Amino acid sequence: MMRAKKLRILVLVLIATMLFGLVACGNNTTPANGDPISGTQRLVVAMPENVVGFDPGNSKGNADNIVAMVQYEALVETDHTGNYSPCLAKEWESSEDGTEWTFYLRDDVTFSNGSKFDSNDVVVSYQRQIDDRTLGCSATFWAELASVEAIDEYTVKISTNSPMASFLLSVTQTYIIDDEMYAEYGEEFGPKRIGVGTGPWVYEDWVDDGYALFSYNENYWNKSEYDPYYDELMIRTIGEASSAIAAHLTGDISAYTVCGGISTDLLSMYNGSEDKIDIVSYKDGNYYILGCNCAEGEIFNDVNLRKAVSLCINREDLAAVYGDAYPVNGIISTTCFGYNEDIPMWEYNPDEAAKLVAASAYNGEEIEISTKIGLQKSEELALLISESMNAIGFNTKVNMVESAVFSDIRSQGNYDMYLANDMATGGDPSKYLSSKVINDIHKHGLKNDEVQRLASAIITTLDVEERYELCTEFVELTNSLYAPHIMLFQTNANNAVNKGITGIEFYPDSYISYKYVDYDPSLVQ
């Protein structure tokens, strides 16, 4: 990562700005109530999704994750491909059975408010995940978390009920909060946006569906390694893709990043800007799914109706609508541990699907396909799915909603069917299995003991070969049930970043990080 220092590069930046008009190096045009102080170097980037929560232990989606990653840090960091490195912990060790982990903490870390980091902060951060299993981090990563204990000021022990194959991955997703701040605000610190973390950026302001603004943390403990050119980082929400690209081309923003990538049919808008903007292309772990409400009494409690939905969908057509995408044979995607290319691809047979609908108890009840505004191609994809389902005897309509509403719909189970995206965090299926299957955070309502047994076994099995076989069994079973989710396709990604900007990380599990964003004038020609 680039470790450019402000004083060292200021002259070069000014020259580059004069010669090339690179707005990334100066003050981008932003909403009036978010204008930077004169002389402040602000980076303005955009994404399509709105930030709806500021509790790093209870993120609601991609946008929340992105802002958590710039403010907070975990004991361990990941490269999102299964490799781990120290962060707030210097080193760690585990018991022979893998159920007790001891972490030795750094003693030179402070929070953004100047408070000293120690084992008490770790205890508070983990204990709240034990006390409230509805928190996103707990439900997603910590089904087996049993206890956390401070051994001394800079040593903690974390215990689990069973061994966890993805234990370190779960640690990387558990951000540490200040125990003194939490003692004062409790669970209100998130809603009140009291952003006290050890990360390089500090919360300043937020406008709903507008932007989140951060300033550089002058107390950052790792300042010798990361002291960026930018004083401020503004992450704007621009839901309409062509508007975001237009803002990029006019210099209002300096990067446009989308989980799953910018729509390929809009990339041509960047033609002619090659001297100022790079298109970053990479293999992405983002995938699209259909979620059905399988609970008793619901339409899709009937496995044959779920099968009819799957059979009537032409996944090649969906992938073509999305752009740079391809069908996948099951819920474990190609960039995830456990992917087995020998599992048969989904069948497309609308005639058989129509027979299944005709033979069922379904009587034309209206079915809503809910999806969220801002999700790449969500409306076009949902309409194509709706059209395919209506052609075989279903009566469907598309329900487009904002991110916060979509989150509520799923968490409360108030849906017939939804279209969403997901990703295999860290290249491992554990997040999906823990949150979406075992804890059923989106209320799919599927009751199947074997699905639950396999999901738990994959999470707790340490032997790699045995775990791989369990993954294959799980995919084959859930494919036959067409639940709890129906896999549609996986994406490649293309995102756009101004030349000279460094440190924006695009990971193969579809995570995007601005944590170490910086500027390197030598990259501007």
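Residues numbered from 1 in each chain as written. Predicted model: local features only at pLDDT ≥ 70, side-chain atom pairs only at ≥ 80, totals over all residues. Heavy atoms only, no water.

### Focus: the overall build of the protein chain
Here's step 1: Regarding its fold elements, the protein chain presents 15 helices and 21 strands.
Here's step 2: Radius of gyration (C-alpha) of the protein chain: 23 Å, near the 24 Å computed for a compact globule of 525 residues.
Here's step 3: Seen along its three principal axes, the alpha-carbon backbone of the protein chain occupies a region of about 75 × 60 × 40 Å.
Here's step 4: When the 525 residues of the protein chain are sorted by exposure, 60% land in the buried category.
Here's step 5: On the protein chain, roughly 20000 Å² of surface is accessible, and the fraction owed to carbon and sulfur atoms is 47%.
Here's step 6: Separation of charge centres in the protein chain, based on 34 positive and 79 negative side chains, amounts to 3 Å. (Helix = DSSP H or I, 4+ residues; strand = E, 2+ residues; numbered from the N terminus. Rg over C-alpha atoms; globule rule 2.2 N^0.38 Å. Buried < 20%, exposed > 50% of the residue type's maximum accessible area, 1.4 Å probe, protein only. Areas by Shrake-Rupley, 256 points an atom, 1.4 Å probe, with all protein chains shown as cover. Lys, Arg positive; Asp, Glu negative; His and termini not counted. Charge placed at Lys NZ, Arg CZ, Asp CG, Glu CD.)

### Quick notes on the nonpolar core
Here's step 1: Judged by nonpolar contacts, the single largest core of 76 residues is most densely connected at L75, F103 and Y126.
Here's step 2: The element that contributes the greatest number of residues to this core is helix α2 (residues 62-71), accounting for six residues.
Here's step 3: Excluding its chain neighbours within four sequence positions, the residues that come into contact with Y126 are L75, W142, L145, V148, I158, V171, T174 and I176.
Here's step 4: L318, A353, Y362 and I486 belong to the second largest nonpolar core, which has 61 residues in total. (Core = buried A, V, L, I, M, F, W, Y, C linked by side-chain atoms within 4.5 Å. Contact = heavy atoms within 4.5 Å.)

### Brief notes about the packing of helix α8 (residues 303-312) against helix α10 (residues 350-358)
Here's step 1: The geometry of α8 relative to α10 is characterised by a closest axis approach of 8 Å and an angle of 155 degrees between their N-to-C directions. Relative to α10, α8 is oriented roughly antiparallel. Between α8 and α10 lies a crossing whose hand is left-handed. Contacts from N304, L305, K307, A308, L311 and C312 of α8 reach α10 at P350, E352, A353, L356 and V357. (Axes fitted to C-alpha atoms, helices over the stretch in contact; angles between N-to-C directions. Parallel < 35°, antiparallel > 145°, perpendicular 65-115°, else oblique. Left-handed = near helix turned anticlockwise from the far one by under 90°.)

### Thoughts on the pairing of strand β16 (residues 417-422)
Look at any regular strand and the pattern is simple: side chains alternate between the two faces of the sheet.
Here's step 1: A large share of β16 lies buried, amounting to six of its six residues.
Here's step 2: What you see with β16 is no split at all: M417, L419 and N421 on one side and Y418, A420 and D422 on the other are buried throughout.
Here's step 3: Inspection of the sheet shows strand β12 (residues 277-292) paired to β16 by six bridges, in the antiparallel sense. Residue I289 lies in a different strand from β16, and its bridge partner there is A420.
Here's step 4: For strand β14 (residues 366-372) and β16, the ladder comprises two bridges, and the chain directions are parallel. (Pairing = 2+ DSSP bridges.)

### A few points about a negative patch on the surface
Here's step 1: On the surface, D463, E465, E466, E469, E473 and E476 cluster together into a patch of negative charge.
Here's step 2: Tracing the backbone through its elements, the reader meets E466 in helix α15 (residues 464-481). (Patch = residues over 30% accessible without salt bridge, like charges linked within 9 Å, V, L, I, M, F, W, Y side chains within 5 Å. Salt bridge = Lys/Arg side-chain N within 4 Å of Asp/Glu carboxyl O.)

### Examining the sheet that holds strand β7 (residues 155-160)
Here's step 1: The four strands are arranged β4-β5-β7-β6 in an open sheet whose pairing can be described as antiparallel. One side of each edge strand has no neighbouring strand; the edge strands of this open sheet are β4 (89-94) and β6 (145-152). Ignoring strand direction, the axes of neighbouring strands in this sheet form an average angle of 20 degrees.
Here's step 2: The pairing of strand β5 (residues 100-105) with β7 spans five bridges and is classified as antiparallel. Paired with T102 across the strands is K157, a residue of β7.
Here's step 3: Packing against the sheet, helix α3 (residues 119-131) makes contact with β5, β6 and β7, and its axis sits at approximately 165 degrees to β6.

### Observations regarding helix α14 (residues 449-460)
Here's step 1: In this model α14 runs 17 Å from its N-terminal to its C-terminal C-alpha over 12 residues, within 8% of the 16 Å that 1.5 Å per residue would give.
Here's step 2: Along α14, the residues that are buried comprise V451, L454, A455, A457, I458 and I459.
Here's step 3: Tucked into the core, α14 has its buried residues touching α13 (430-438) and α15.
Here's step 4: Between a side-chain oxygen at the N-terminus of α14 and the backbone nitrogen of E450 the separation is 3.1 Å; the capping residue is N448. (Expected span 1.5 Å × (residues − 1). Polar contact = N/O pair within 3.5 Å; in protein donor to acceptor, adjacent residues only side chain to side chain.)

### Section: unusual backbone geometry
Here's step 1: The step from A483 to P484 runs through a cis peptide bond, and the omega angle for that step is 0 degrees.
Here's step 2: Looking at the secondary structure, you find P484 in the loop between α15 and β17 (485-498).
Here's step 3: A positive phi angle, near 70 degrees, is found at H80, a position not held by glycine.
Here's step 4: As for its placement among the helices and strands, H80 is situated in the loop between β2 (76-78) and β3 (84-86).

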